[in-house]
Amino acid sequence: MRILVVGNGAREHALVWRLSQSPDAELIIAAPGNTGIAGLVTCHNIAVTDMDGLVDLARLERIDFVVVGPEAPLTLGLVDRLAENSILALGPGAEAARLEGSKAFTKALCAAHQIPTAAFETFVDADLAKAYVRARGAPIVIKADGLAAGKGVVVATNLEEALAAIDHLLDVKLGGRIVVEECLFGEEVSFFALCDGSRALSLGAAQDHKRAFDGDLGPNTGGMGAYGPAAVFTPAIEARVMNEIINPTLAAMAQNGTPFRGILFAGLMIEPTGAPRLIEFNVRLGDPETQVLMMRLEGDLLAAFLASARGDLSRIPAFGQKGAAICVVMAAEGYPGTPKTGTIIRLPADPGPMTRIFHAGTGLDTGGQLVAQGGRVLSITAKSDGLAAARQNAYDVIDRIDWPGGFCRRDIGWRALDR
Ligand code: AMP
Ligand code: GLY
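All residue numbers refer to position in the chain's written sequence, counted from 1. Here the convention is simple: chains get letters from A, ligands get numbers from 1, in the order in which they are written. Given that this is a predicted model, residues contribute local features only at a pLDDT of at least 70 and side-chain atom pairs are listed and counted only at 80 or more, while totals for whole chains, interfaces and linings are drawn from all residues. Working from all heavy atoms in the structure, the side-chain values ignore hydrogens and water.

How should I be thinking about the sheet that holds strand E8 (residues 153–156) in this particular structure?
Paired through backbone hydrogen bonds, the strands of a sheet run either parallel or antiparallel to each other. Overall, antiparallel pairing links the 4 strands, which are arranged E6-E9-E7-E8 in an open sheet. Only two strands of the sheet have a single partner each, and these edge strands are strand E6 (120–123) and E8. If you compare each strand with its neighbour and ignore which way they point, the axes differ by 20 degrees on average. For this analysis, residues touch if any pair of their heavy atoms sits within 4.5 Å. All axes are obtained by fitting lines to C-alpha atoms, using only the stretch in contact for helices, and the reported angles, taken between N-to-C directions, cover 0 to 180 degrees. Counting from the N terminus, the helices are the DSSP runs of H or I reaching at least four residues and the strands are the DSSP runs of E reaching at least two. Against the sheet, helix H9 (residues 159–169) touches strand E7 (140–144), E8 and strand E9 (178–182), its axis set at about 10 degrees to E7. For two strands to be treated as a pair, DSSP must find at least two bridges joining them.

Written out as C-alpha cells, the structure reads:
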C-alpha cells in the first residue's frame, strides 16, 4: 500500500510515525510535511489547499490511500477530488465536512435531532444579534459561522465584550453569519470516533490545554498540550456520547444523503452532572490530541483507517488503549501573537524509548541547524504506565532541549494530577 499523508504539523508527524510501523505500508510520502517528517519519509512541497497539486502528486506517485490531517483540504473537497480519480482517502467529502466548516449547519442539525448542545440562535444581522445578547445577558458565547483557525469564538464574560464580538465576527470572510449560544460549564474533553457512514469506533479521548500559560491563563492557542486517558471521560460517559451525540449525527448525515466517513472529533463539555454536551464538531484528528492517541492506541490503525474510507468498519475490532501519554507543546516566544522565528534549537541525540519529539514549525537554516519557523514548534510526547510517570518522561526530555527562544507550559495534565 502506497500512502500520502497531507499536512505539516506535529499531528501529521505522529501519524506518519505510527503508520510507518504498519507492515502494509509499502511507501509513505507527505505533502508538504515538515523537517521532522522528512527524517522519516519523502516530503513534497505542495500546500494543503492546493487541490490540483495534491491530486496530481497522488496520481504521479500511484498512491492507494491518502490520510488528510487538517480541515482546510477536507472542506475544499480533496476527498471528493481523489475519489473522482479512484483514490481512497480518509475523511469526509466537502458536503459532510460542513460539520466543521459551518457552525450554523451543525447547530441546526443538533436542534433537528435532539443532540445535546448549548442553546443558540443564528444571526446575519448585527442589530438583531445585539438585541438578543442584551436580552440574554453575559456570560454568552459568540461564534463566526465559518472556519477561522481558532480565532472565531469569543466567550464573553460581560455585555460590552459580547457586543464587540458581534461586530468583529459578523464578517463576510467568516461566512457572514454568527451563532450566539449559551455558555456551558464543566470539563472539556476531545473525543474521537472513526466513522464509516453509519458505524463509529472509538479512538479514545484526550484533554487539550488551550491557554498559553500555566494555570490555564493567557490567550487561547491551538493547544499547548494534551493527555490521555482523560479522567472525567468514564466508559459510562463515552457510551452516552456515542448514543446521544455520535450515532444520531451519523444517522442524520446519512438521512441527508451526505454520510460521514472519517474522523468525527467531538469537542465536549462534560457538565458537573456528568451529562455530555457538544461544543463543536471537527472532521479530523486534533492537534495536539493525536500525538497522545498515536502513543496509546493499540491495534492496526491503517486497516481501520482504510475500512473507514471504504465505508465498512464491521470487521474492525475495538481499539485497545494502553497506559497513559502526555504531549507538551514547545512554542516560539511570542506565540500565539507574533512568534520569534529563526532561533536555534538543539535536540538531545536520543530522547529514549518512551518519548517522541514530533515536529511542527521547525526548519533548517543555511548551515543545516534546526531552527524555529512557526508558532507551535515541537510536541514532546511521552508514554508510561501512568500519567505521572509519562509527564516526568516528557519534562525530563524537555529539560535536555537547548532552545532559549522557546517556551512550554509546565503544568500539562494538572486536571488529572495536581488536584
Ligand atoms: P470552538 O472553536 O467552538 O471549539 O470553541 C473554542 C473554545 O471556546 C472551546 O474549546 C471552549 O473552551 C470555548 N467554548 C466554545 N463554545 C462554548 C460554550 N458554549 N460554552 C463555554 N465555552 C465554549
Ligand atoms: N486541539 C484542538 C484542535 O485540533 O482543534
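Now that the structure is up, let's keep going.
Just checking my understanding: could you explain the side chain of Ser190 for this structure?
Mapped onto the secondary structure, Ser190 falls in strand E10 (residues 187–196). Whether a residue is buried, partly exposed or exposed follows from its accessible area with a 1.4 Å probe, protein chains only, as a fraction of its type maximum: under 20%, in between, or over 50%, in that order. The exposure class assigned to Ser190 is buried, which follows from its relative accessible area of 6%. In contact with Ser190, not counting residues within four places along its chain, are Gly204, Ala205, Ala206, Asp208, Phe265, Ala266 and Glu289.

Help me understand helix H1 (residues 10–19) in this model?
Taken across its 10 residues, H1 has 10 buried, putting it largely inside the fold. All buried positions along H1 are accounted for by Ala10, Arg11, Glu12, His13, Ala14, Leu15, Val16, Trp17, Arg18 and Leu19.

What's the story with the packing of aromatic side chains in this structure? I'm lost.
Classification of ring pairs rests on two measures: the distance between centres of Phe, Tyr or Trp rings, Trp counted by its six-membered ring, which must be within 6.5 Å, and the angle between planes, read as stacked under 30 degrees, edge-to-face over 60 and tilted in between. With the rule as written, the count across this model stands at 5 aromatic pairs. Judged by centre distance (6.1 Å) and plane angle (45 degrees), the rings of Phe213 and Phe407 are tilted. In this pair, Phe213 is assigned in strand E12 (residues 211–213) and Phe407 in strand E24 (residues 406–408), connecting sequence segments 194 residues apart. Given the relative accessible area of 41%, Phe213 is considered partly exposed. By relative accessible area, Phe407 is classed as buried at 17%.

Sorry, what's going on with the nonpolar core here?
One recurring pattern in soluble globular proteins is that nonpolar side chains are buried together. The definition of a nonpolar core used throughout is a set of buried Ala, Val, Leu, Ile, Met, Phe, Trp, Tyr and Cys residues joined through side-chain atoms within 4.5 Å. Within the largest apolar cluster, 51 residues are counted, with the highest numbers of intra-cluster contacts made by Leu4, Val66, Phe191, Phe233, Ile246, Phe260 and Leu268. The biggest single contributor to this core is helix H10 (residues 235–255), with 8 residues. The residues touching Phe233, leaving out its near neighbours within four places in the chain, are Val189, Phe191, Ala205, Glu238, Val241, Leu268 and Ile270.

Mind showing me how you'd approach the site of ligand 1 here?
Distances are taken per atom, and a residue is near a molecule or strand as soon as one of its heavy atoms is within 4 Å of it. As a matter of local geometry, ligand 1 sits amid 15 residues, with Glu181, Glu182, Leu184, Glu188 and Glu280 nearest to it. In protein, a polar contact requires one atom able to donate a hydrogen and another able to accept it; more generally it is a pair of N or O atoms within 3.5 Å, and residues adjacent in sequence count only if both atoms are side-chain atoms. Here an oxygen atom of ligand 1 and a side-chain polar atom of Glu188 are 2.4 Å apart. For ligand 1, whose accessible area on its own is 470 Å², the fraction buried by protein is 86%. When contributions to the shell around ligand 1 are tallied by element, the ones reaching two or more residues are E7, E8, E9 and strand E16 (276–282). Here, Shrake-Rupley sampling with a 1.4 Å probe gives the accessible areas, and only protein chains in the shown set may cover a residue.

Explanation requested: the pattern of salt bridges in the structure shown.
Pairing of side chains with opposite charge becomes possible as their charged atoms draw close. For this document, the term salt bridge refers to a Lys or Arg side-chain nitrogen within 4 Å of an Asp or Glu carboxyl oxygen. Per the counting criterion, the structure on display carries 26 salt bridges. A salt bridge links Glu280 to Lys103; the nearest nitrogen and oxygen atoms lie 3.1 Å apart. Here the residue Glu280 occupies a position in strand E16, and Lys103 occupies one in helix H7 (residues 103–112), the gap between them amounting to 177 residues. Here Asp399 and Arg410 are joined by a salt bridge, their closest N and O atoms 2.8 Å apart. Within this pair, whereas Asp399 is found in the loop between helix H13 (387–398) and E24, its partner Arg410 is found in the loop between E24 and helix H14 (414–417), the two being separated by 11 residues in sequence. When its relative accessible area of 52% is taken as the criterion, Asp399 is described as exposed. For Arg410, a relative accessible area of 43% puts it in the partly exposed group. Ionic contacts of the salt-bridge type, sharing partners, join the residues Asp196, Arg199, Asp312 and Arg315 into one network.

I would appreciate a short explanation of the sheet that holds strand E5 (residues 88–90) in the present structure.
The 5 strands lie next to each other as E3-E2-E1-E4-E5, forming an open sheet whose pairing is parallel. Single-partner strands in this sheet number two, and they are strand E3 (42–43) and E5. One ladder, built from 3 bridges, connects strand E4 (residues 65–68) with E5; its direction is parallel. Paired with Val66 across the bridge in E5 is Ala89. Where H1 meets the sheet, it contacts strand E1 (2–7), strand E2 (27–32) and E4, and its direction lies at approximately 165 degrees from that of E1. Its contacts with the sheet place helix H3 (residues 51–60) against E1 and E2, and it is angled at close to 160 degrees to E1.

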